[in-house]
Amino acid sequence: MRFWSTIPERLKLTVVLTGALLLLVAGVWVAVFNERLYREQKTRDVAVEAEILAASVAGALAFDDRSTVQQYVDALGANPEVEIVGVYDDKGVLVARFARKDAAEGPTLEITRPVTQGQTGLGRVYLKTITEPAVRRASRVGIIALLAVMASLLVAMMGTGQAAQRRANKALAERAEELAEANRQLEIEMEERARAEEALRQSQKMEAIGQLTGGVAHDFNNLLMVASGGLDLMDRTEDPVRRQKLKDGVREALTRGADLVRQLLAFSRRTALKPEVVDLGQKIESMRILLDRSLREDITVNMDLAEHLWPVELDANQLELAILNLAVNARDAMPNGGPIVVKAENAPSHRRDGETGDYVCVSVSDQGQGMAPDIVSRVFEPYFTTKEVGKGTGLGLSQVYGFCRASGGEVRIVSEPGQGTTVAMYLPRSNKAAPEKPIEAVRRRRTRAQGRVLLVEDDEGVAALVAEMLTELGYAPTRASTVSTALDVFDRDPAYDMVLSDMVMPGERNGLDLAREIWKRRAGVPILLTTGYSEAAAQATAEGVRVLLKPYRIEALASELEAAKADARRLHA
Amino acid sequence: MQQRPPLVRARPAACLAALAACVLMAAAPPAQAQNLEVAVKATYLYKFAPFVEWPPSAFETEVTPLSICIQGEDPFGPVLDRAVAGQRVGPRAVVVRRMARVERNAGCHILYAGGSRAQSAGDALRAVRGAGVLTVTDSGHETGAHGIIQFRIKDGRVRFDIDDAAAAEDHLTISSKLLSLALSVRTRR
């Protein structure tokens, strides 16, 4: 059958048709052969009968015993196949005969045999028989008919089989086409889902920020109060000591505000998931201001971070969002205020899904109203919320859940009504080492000449301030207000030691374009870009350009300028 | 294919046998019946030949003619001559010889003993006894002699008795087909 299946369909049909035809021909041949054989046999049989008759009647014929001859003849007539029997004497005179009245139609056989005794002829006998009875004839025709029917059936079955196979093949092809179409649909849906997930992450962040807005605004109000009040008081006093005190207060308020905004911006930046090895202690510590300031005044945030936490590999942005979400939930669980504890500790041999492994546990606890078990079982569902309309979207805990699963960990929740809630995130330990802590901005003053700086800044006020800062740091700034003028200046005098440019400026080209142009003219010029937009910053960083986020303090500027110079030296040594 | 012989249509030249048949069925006048009876007997004389086996010494060669001897009174006359004319028994021709007396070495194969004054039928039979001659007598003639075959009329038909014992003594073998046609058979011991 394997050999058969390799034959092409058309050839198969030909083979079967030929086979059927051969069968039919063979059947007819066999029938004809049988017919001839039968006729020969019959002829022999009849001849023998005639010879027996001849021998039997010899004496009676010779001596004219007609009755005896007639008896022999009649005896032969008992055979229904015999039609006519005749016995003639040596003169050819009929002596006895038998003739069947109701002779059947059909082929007949006639035999004449001499009657002899010794070598003397005494007469002859004549015999006429039906070759073949009708029944036998019908059966033979029936066999041929049967063969013909079988052959036709064979052909018909083959035809039907082939048709069925063609139909099956067609159906199969259609099914494959449908499958391919379904696959295309699936791919499209997957893409859409990926986009939707990204949008969801972004909306989760925005949701969290929305939750913070009240607190941030309140904090900002306080900062502004400190700043404006400080300035007012400075106008009213000439006492240098008191003025210095007020100045310090104002600066601290502004610094705090800048930090807050930077964190908000960094947080709301639209980024793809990017796992990296993170030092949890450092990362959580850096959130202290945000958490302190953005929740409510009656909420205190206590950090309980163990020493020597294992490194974990995860998306830092999502981690911050998860902690923020948990903190917001903790805040909302304590309408009358209270402490929130953010705790991080190593969890060796933590059992999860039947397997043990090393994890780092980050938990956020409150002493709020707690939750009933039936609510606990549903809190990780998207859009599930116990909060009033307008207070939450229900995406917070589902983000926490999704973040933990995506990081290869899990989230556990312990809550009882009136006993507060603890949400613990178990994040798997990474065997990669955490990166070195970034060098703290060094507070130092440069008095000696640091070189000439091309300063590109469209805002007059900012430009004047930054020029002052550069001069203070020992640099000699030359200002240009657009990318085009900056390039003109650089073309006339390409010997600048550094370029410090704002990122977003009026005109078609921005700071990043300027950096590319300048490096095209002279590779290895240290370039530092500044911007308030985190997205633009990410783009520049991706191209290897250092970015300093606005607002910045003079120490940060000094540090970044040095770093930019170090980069240039390293890359173009 | 063999040519189909006529079934119903009789040949114009109807033979003696046919005539004899007519005699048996029709009430013919005595003289005519007499003639027919003679004719049938004449025919039978040579027709016996194929059913009888003679000892090899009876014939000199393969083609030695079969001799039918009519001893004494001849009831057949020209009827017998016409009947045997052109007839052959196998390869042998048939000859008719008439004689007043028969001798043992007369070379007869079939002897019809009619009897005469010169030699009675019984004497004729005795003369050839043991010499391998098929003797034929007729019960219709009051000779008192019985040959191996004796004609007898039964139901108006010419039949015969056979003395197979006598045939055995004469070293003759008579076919069972002929014996079965006989009215009576004296079987050989």
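Note that the structure is predicted; figures quoted are calculated from it, not measured.

A.B. asks: Can you lay out the overall build of chain A for me, pointing to particular residues and giving the numbers?
C.D. replies: Of the regular secondary structure elements, chain A holds 15 helices and 16 strands. Counting across all 573 residues of chain A, residues that qualify as buried make up 40%. Restricting the contact set of chain A to residue pairs at least 6 apart, pairs at least 24 apart contribute 69%. Total accessible area on chain A stands at roughly 32,000 Å², and carbon and sulfur atoms take up 56% of it.

A.B. asks: Which residues make up the packing of helix H8 (residues 316-333) of chain A against helix H10 (residues 396-406) of chain A, and what are the values?
C.D. replies: All names here are of chain A. In contact at an axis separation of 9 Å, H8 and H10 are set at 145° when each is read in the N-to-C sense. Regarding H8 and H10, the two cross each other, and that crossing is left-handed. Here Gln318, Leu319, Leu321, Ala322, Asn325, Leu326 and Asn329 of H8 lie close against H10, whose contacting residues are Gly396, Leu397, Gln399, Val400 and Phe403.

A.B. asks: An account of the sheet that holds strand E6 (residues 299-305) of chain A is needed here, citing residue identities and associated values.
C.D. replies: Residues and elements named next belong to chain A. Strand order in the open sheet formed by five strands is E6-E8-E9-E11-E10, and the pairing between neighbours is mixed. At either margin of the open sheet sits one strand with a lone partner, and together these are E6 and strand E10 (410-416). The sheet shows a mean angle of 20° between the axes of neighbouring strands, taken without regard to direction. Two elements, strand E9 (residues 355-365) and strand E11 (residues 420-428), share seven bridges in a ladder whose sense is antiparallel. The residue bridging valine 362 from the neighbouring strand is methionine 425, located in E11. The sheet contacts of H8 involve E6, strand E8 (338-352), E9 and E11, and relative to E11 the element is tilted by about 170°.

A.B. asks: An account of the nonpolar core is needed here, citing residue identities and associated values.
C.D. replies: Within the largest apolar cluster, 68 residues are counted, with the highest numbers of intra-cluster contacts made by B:Leu45 and B:Phe160. Element by element, the count of residues in this core is highest for helix H2 (residues 9-62) of chain A, at ten residues. Apart from the residues lying within four places of it in its own chain, the contact partners of B:Phe160 are A:Phe63, B:Tyr44, B:Phe48, B:Ile149, B:Gln150, B:Phe151, B:Arg152, B:Leu178, B:Leu181, B:Ala182, B:Leu183 and B:Ser184. If you look at the next biggest cluster of nonpolar residues, it comprises 49 residues, including A:Trp310, A:Ala330, A:Val360 and A:Val411.

A.B. asks: Account for the sheet that holds strand E4 (residues 120-130) of chain A, with residues named and values stated.
C.D. replies: All names here are of chain A. Pairing is antiparallel across the open sheet formed by four strands, whose spatial order is E2-E1-E4-E3. The open sheet is flanked by strand E2 (94-99) and strand E3 (108-117), the only strands paired with a single partner. Direction aside, neighbouring strands of the sheet carry axes that sit 10° apart on average. With seven bridges connecting them, strand E1 (residues 82-89) and E4 associate as antiparallel partners.

A.B. asks: With reference to specific residues and values, describe a negative patch on the surface.
C.D. replies: A surface patch of negative charge is lined by A:Glu187, A:Glu189, A:Glu191 and A:Glu192. For A:Glu192, the position within the fold is in helix H4 (residues 134-235).

A.B. asks: If you had to explain the packing of helix H11 (residues 460-472) of chain A against helix H15 (residues 554-571) of chain A to someone new, which residues and values would you point to?
C.D. replies: Residue and element names in this part refer to chain A. One way to put it is that H11 packs onto H15 with a least axis distance of 10 Å and a crossing angle of 65°. By the angle between their axes, H11 is roughly perpendicular relative to H15. For the element pair H11 and H15, the recorded crossing hand is right-handed. Between H11 and H15, the contacting residues are Met469, Leu470 and Glu472 on the first element and Ile554, Leu557 and Leu561 on the second. When grouped by side-chain class, the residues that make up the contact of H11 with H15 number five nonpolar, no polar and one charged.

A.B. asks: For the pattern of salt bridges, give the residues involved together with the corresponding values.
C.D. replies: Pairing between side chains of opposite charge can happen when their charged atoms approach one another. All names here are of chain A. Using the criterion set out here, one finds 38 salt bridges over all chains in the structure. Of the charged contacts, one joins glutamate 517 and arginine 521 as a salt bridge, the two residues approaching to 2.9 Å between their closest N and O atoms. Residue glutamate 517 and its partner arginine 521 are located together in helix H13 (residues 511-521), separated by four residues, close to a single helical turn. Judged by relative accessible area, which is 39%, arginine 521 ranks as partly exposed. Salt bridges here are not isolated pairs; linked through shared partners, they connect Asp491, Glu517, Lys520 and Arg521.

A.B. asks: Tell me what's going on with a nonpolar patch on the surface, and back it up with residues and numbers.
C.D. replies: All names here are of chain A. A contiguous nonpolar surface patch, about 410 Å² in accessible area, is contributed by Trp29, Val30, Phe33 and Leu37. For phenylalanine 33, the position within the fold is in helix H2. By relative accessible area, phenylalanine 33 is classed as partly exposed at 41%.

A.B. asks: Just give me the short version of H2(A), but keep the residues and values in it.
C.D. replies: Taking 1.5 Å of rise per residue, 54 residues should cover 80 Å, and H2(A) covers 77 Å from first to last C-alpha, within 8% of that figure. Most pronounced at A:Ser56, the bend in H2(A) amounts to some 35°.

A.B. asks: Lay out the environment of A:Ala540 with the relevant residues and their values.
C.D. replies: Residue and element names in this part refer to chain A. If you trace the backbone, alanine 540 turns up in helix H14 (residues 534-542). Look at alanine 540 and you get buried, because its relative accessible area is 0%. Measuring from C-alpha to C-alpha, the distance between alanine 540 and alanine 515 comes to 9.5 Å, with 25 residues separating the pair along the chain. For alanine 540, the residues in contact, after removing those within four places along its chain, are Met503, Leu512, Leu529, Val545 and Val547.

A.B. asks: For the state of the cysteines, give the residues involved together with the corresponding values.
C.D. replies: Going through the model one piece at a time under the given rule, you end up with one disulfide over all chains. At a sulfur-sulfur separation of 1.9 Å, the disulfide partner of B:Cys69 is B:Cys108. Its torsion about the S-S bond being -100°, the disulfide of B:Cys69 and B:Cys108 is classed as left-handed. Of this pair, B:Cys69 sits in strand E2 (residues 66-71) while B:Cys108 sits in the loop between strand E4 (92-99) and strand E5 (110-113); the two residues are 39 residues apart in sequence, bridging distant segments of the chain. Look at B:Cys108 and you get buried, because its relative accessible area is 7%. No disulfide involves A:Cys361; its sulfur sits 9.7 Å from the nearest other cysteine sulfur, which is in A:Cys404. On the accessibility criterion, A:Cys361 (6% relative accessible area) is buried.

A.B. asks: Mind laying out H10(A), listing which residues take part and the relevant values?
C.D. replies: Those residues of H10(A) not exposed but buried are A:Gly396, A:Leu397, A:Ser398, A:Gln399, A:Val400, A:Phe403 and A:Cys404. Phi for A:Gly408, located one or two positions after H10(A), is positive at around 85°.

A.B. asks: Requested: an account of the side chain of B:Ser175, with residues and values cited.
C.D. replies: Looking at the secondary structure, you find B:Ser175 in the loop between strand E9 (173-174) and helix H6 (176-181). When residues no more than four places from it in sequence are discounted, the contact partners of B:Ser175 are A:Gln117 and B:Phe51.

The rules behind the values
Residues numbered from 1 in each chain as written. Chains lettered and ligands numbered in written order. Predicted model: local features only at pLDDT ≥ 70, side-chain atom pairs only at ≥ 80, totals over all residues. Heavy atoms only, no water. Helix = DSSP H or I, 4+ residues; strand = E, 2+ residues; numbered from the N terminus. Buried < 20%, exposed > 50% of the residue type's maximum accessible area, 1.4 Å probe, protein only. Contact = heavy atoms within 4.5 Å. Areas by Shrake-Rupley, 256 points an atom, 1.4 Å probe, with all protein chains shown as cover. Axes fitted to C-alpha atoms, helices over the stretch in contact; angles between N-to-C directions. Left-handed = near helix turned anticlockwise from the far one by under 90°. Pairing = 2+ DSSP bridges. Core = buried A, V, L, I, M, F, W, Y, C linked by side-chain atoms within 4.5 Å. Patch = residues over 30% accessible without salt bridge, like charges linked within 9 Å, V, L, I, M, F, W, Y side chains within 5 Å. Salt bridge = Lys/Arg side-chain N within 4 Å of Asp/Glu carboxyl O. Lys, Arg positive; Asp, Glu negative; His and termini not counted. Charge placed at Lys NZ, Arg CZ, Asp CG, Glu CD. Parallel < 35°, antiparallel > 145°, perpendicular 65-115°, else oblique. Nonpolar A, V, L, I, M, F, W, Y, C, P; charged D, E, K, R; others polar. Expected span 1.5 Å × (residues − 1). Bend = angle between axes of the 7 residues up to and from the residue. Disulfide = S-S within 2.5 Å.

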